[in-house]
Amino acid sequence: MKRHWETHLYTYAVALSQGAAILPVNLAGMRAKAISKGHTEGQCQIVERDPMRFIKTGELAA
C-alpha cells in the first residue's frame, strides 16, 4: 500500500498549496493525472477544500 505522499493526489495537494505560483492549466493537468491514476472526483474536491490537511495527515475528511 502506498503512503499518501507517494500518490498523485498528494502531488495535486502540494500544487494547490502553492497558490498563484502554479498555473491553472498545470493544476488541471495534475488533477486529471490523479483521477487517471485511480483517485476519484470526490477525493480531488476534498483535497481542494483543505490541501494542507491532506498534506499533513493523509486524511480525506468530507
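From a predicted model like this one, the values you see are computed outputs, not experimental measurements. The residue count restarts for each chain, going from 1 along the sequence in the order it is written. Totals for whole chains, interfaces and linings use all residues, but because this is a predicted model, local features are given only for residues with pLDDT of at least 70 and pairs of side-chain atoms are given and counted only at 80 or more. Think of the side-chain values as coming from all heavy atoms in the structure, minus any hydrogens and water.

A look at helix α3 (residues 41-49)
Note on exposure labels: buried denotes an accessible area under 20% of the residue type's maximum, exposed denotes more than 50%, and partly exposed covers the range between, all computed with a 1.4 Å probe on protein chains only. Each helix is a run of DSSP H or I of at least 4 residues and each strand a run of E of at least 2, with the numbering of both proceeding from the N terminus. Those residues of α3 lying buried are C44, I46 and V47. Seen along its axis, α3 keeps its buried residues to an arc of 160 degrees; they face one direction. Should any heavy atoms of two residues lie within 4.5 Å, those residues are considered in contact. Its buried side turned inward, α3 meets α1 (8-16), α2 (24-36) and α4 (51-57). An arc is given here, and it is the one of the directions from the helix axis to the C-beta atoms.

Here's the deal with the packing of α1 against α2
The contact between α1 and α2 brings their axes to 8 Å, and the two run at 160 degrees. As summarised for this structure, α1 and α2 are arranged roughly antiparallel, according to the angle between their axes. Our pair here, α1 against α2, has a crossing hand that is left-handed. Counted together, H8, L9, T11, Y12, A15 and L16 of α1 and L27, M30, R31, K33 and A34 of α2 form the full contact between these two elements. For this scheme, ten residues count as nonpolar: Ala, Val, Leu, Ile, Met, Phe, Trp, Tyr, Cys and Pro. Four count as charged, namely Asp, Glu, Lys and Arg, and the remainder, Gly too, count as polar. The residue makeup of the contact of α1 with α2, split by class, is seven nonpolar, two polar and two charged. For helices, the fitted axis covers only the stretch in contact; all axes are lines through C-alpha atoms, and the angles between them, taken along N-to-C directions, range from 0 to 180 degrees. Oblique is the label for any angle not under 35 degrees, not over 145, and not in the 65 to 115 range, which are roughly parallel, roughly antiparallel and roughly perpendicular in turn. Handedness of each helix crossing follows the sense of rotation of the near helix against the far helix: counterclockwise by less than a right angle gives left-handed, clockwise gives right-handed.

Limitation: the analysis is restricted to geometry and does not speak to function.
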